[in-house]
Every structure is written in C-alpha cells, then in structure tokens.
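Structure assessment
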Amino acid sequence: PLPVIVYFHGGGFVLGSPSQCDPLCAHLAAEIGALVVSVDYRLAPEHPAPAGINDCIDAVRWLGQSASELGGDPGRMAVCGDSAGGNLSALVAIELRDGGGPALRHQALIYPATDLTQSFPSIREHADAPILDKPALDAYLAHYLRGSELTAGDPRISPYFVDDLSGLPPALIQTADLDPLRDEGQAYAVRLAKAGVAVRATNYLGAVHGFMSFPGATVVGPQARLELVTELRTHLM
C-alpha cells in the first residue's frame, strides 16, 4: 500500500479546482511514490464557511476508512495545500486531533492563510503584490464570510487563533517573501514550535504568492518542490 497525501487547492476559498493542482500533485505522486487525493471542496459565495472546511474533514475521514480500497495505507497519511488550501490543511489537522482521527503523519502548508483578520505587517507591505494583492484578499474574504455565522478571527477558520496547538502532526511551512501572507505563515510556524510541534519553516526570497504553481519561472521553485517532496517522504515512508 502507498502512503496517502490529501491535497487541498488554493483560490481564496472562492476560485480554483483540483485540476489546477494536477502538475504539483502528479509531481508528488511520482517523486514520493504516493497516492495523492485532490479534494474538490465546495466554494464561496455559494457555499460560505465552514462548508469547504467540512468537506475537507469529511474527505480525510473517508480516506481513513477507504484508502486501502484505493491502494493506500490509511496509517500513513498527510495533508498538503497551498494558500487557502494551506489554511484548510491546518484546520483539518486540528479537527482530526480533537475529533478522534484518523491520525496524520504530516501537514505541509504552502504559503498558508492562517489569520483571516489580516493583522500582520506583510499584508500592508505587499498590498500591491503580483498574483495576490490586498483588494483580492478583501474580495475573497467577503465572499467566504457572506452568509456565514463565523467571523474572520474565529479559530474555526483562522488556525493562528487556536488556543492549543500541541499534539499536531509535524509541519512544513513554506512562505514567499513578496507575499501578503508571508508573516502569518511564519507566525503560525512559531506558534506550532512553541507548542512542541516539529516544524520546518522556509521563506523563499524573491518569490511571490503562488510560485509553486509555476516553479520554472523562479530561481527558487525547484528547491521549494524538492523541500516539499523531501519532508513528505521523510514522514510518510
């Protein structure tokens, strides 16, 4: 049986689909020798928070019961996601810890959104950044929360505000230096480490949000992919 990686795509909880992540998911499958399951969770504004989060939790719990039918090993599972998908990966790991599993071996968070209140300095420092800017963040958040009972600072959607982060699976957090989300990803890594979680956190200089989707266009893209593969393989094999 193969180790299992459950992937959650980015897109601000509003856009995106599993197909946009096919190149990265195929790369992980080939390089690690893993079964990669890419989740087509519900999107806002038609489905505000926490609909997408619940879908991702349900998907991992289903795999905990059914991975063997797909040739996977439910005892060797990890979650991985980029941007909004990094947020979802973190939230899934927390819910599985609190809700009886299944246990995860690892969580790989690629430039994750961890604080939807947008309180960190990089939000303002890179408000006009390419790929993802402040107006886009505001629009995504408005769609995600419209009609929801949750607010941006609720720990059910902003993992940075979860009181207790102990007992979570080891984490890789990759951030992009020219990204509005840079600081909250790094801050979440610090909080995990202080809670006793094994963390590797890397900030890629000169990179913008989304660079893992076009690694050949950046100097650091191949290194970031190698780091991701290495960390997942280390914890899953």
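Before any of the text, the structure's been laid out above.
Heads up: these notes are all about the structure in this document. (Residues numbered from 1 in each chain as written. Predicted model: local features only at pLDDT ≥ 70, side-chain atom pairs only at ≥ 80, totals over all residues. Heavy atoms only, no water.)

**Details of the overall build of the protein**
- Of the regular secondary structure elements, the protein holds seven helices and six strands.
- In the protein, the succession of helices and strands from N to C terminus is β-α-β-α-β-α-β-α-α-β-α-β-α.
- In terms of C-alpha radius of gyration, the protein reaches 16 Å, essentially the compact-globule figure of 18 Å for 237 residues.
- The principal-axis extent of the C-alpha atoms belonging to the protein is close to 45 × 40 × 35 Å.
- Of the contacts made within the protein by residues no fewer than 6 positions apart, 76% connect residues no fewer than 24 positions apart. (Helix = DSSP H or I, 4+ residues; strand = E, 2+ residues; numbered from the N terminus. Rg over C-alpha atoms; globule rule 2.2 N^0.38 Å. Contact = heavy atoms within 4.5 Å.)

**A few points about the sheet that holds strand β3 (residues 72-82)**
- Taken in spatial order, the six strands of this open sheet run β2-β1-β3-β4-β5-β6, and their pairing is parallel. A single partner strand is all that each edge strand has here, and the edge strands are β2 (35-39) and β6 (199-204). Averaged over all neighbouring strand pairs, the angle between strand axes comes to 15°, with direction disregarded.
- Direction of pairing for β3 relative to strand β4 (residues 106-110): parallel, over a ladder of five bridges. Pairing of A78 across the sheet is with H106, part of β4. (Pairing = 2+ DSSP bridges. Axes fitted to C-alpha atoms, helices over the stretch in contact; angles between N-to-C directions.)

**Quick word on the packing of helix α1 (residues 22-33) against helix α7 (residues 221-236)**
- Two elements in contact, α1 and α7, have axes separated by 10 Å at closest approach and are oriented at 50°. One finds that α1 runs oblique with respect to α7. In this structure, α1 crosses over α7, and the sense of that crossing is right-handed. Of the residues in α7, those in contact with P23, L24, H27, L28, E31 and I32 of α1 are R225, L228, V229, L232 and R233.
- Tallied by class, residues from the contact of α1 with α7 come to seven nonpolar, one polar and three charged. (Parallel < 35°, antiparallel > 145°, perpendicular 65-115°, else oblique. Left-handed = near helix turned anticlockwise from the far one by under 90°. Nonpolar A, V, L, I, M, F, W, Y, C, P; charged D, E, K, R; others polar.)

**Some points on the packing of aromatic side chains**
- By the definition in use, this model includes five aromatic pairs.
- Look at F13 and Y144: their rings are 3.9 Å apart centre to centre, the planes differ by 10°, and that puts the pair in the stacked class. Separated by 131 residues along the polypeptide, F13 in the loop between β1 (2-8) and α1 and Y144 in helix α5 (residues 134-145) bring together distant segments of the chain. One exposure class covers both F13 and Y144, and it is buried. (Phe/Tyr/Trp six-rings, centres within 6.5 Å; stacked < 30°, edge-to-face > 60°. Buried < 20%, exposed > 50% of the residue type's maximum accessible area, 1.4 Å probe, protein only.)

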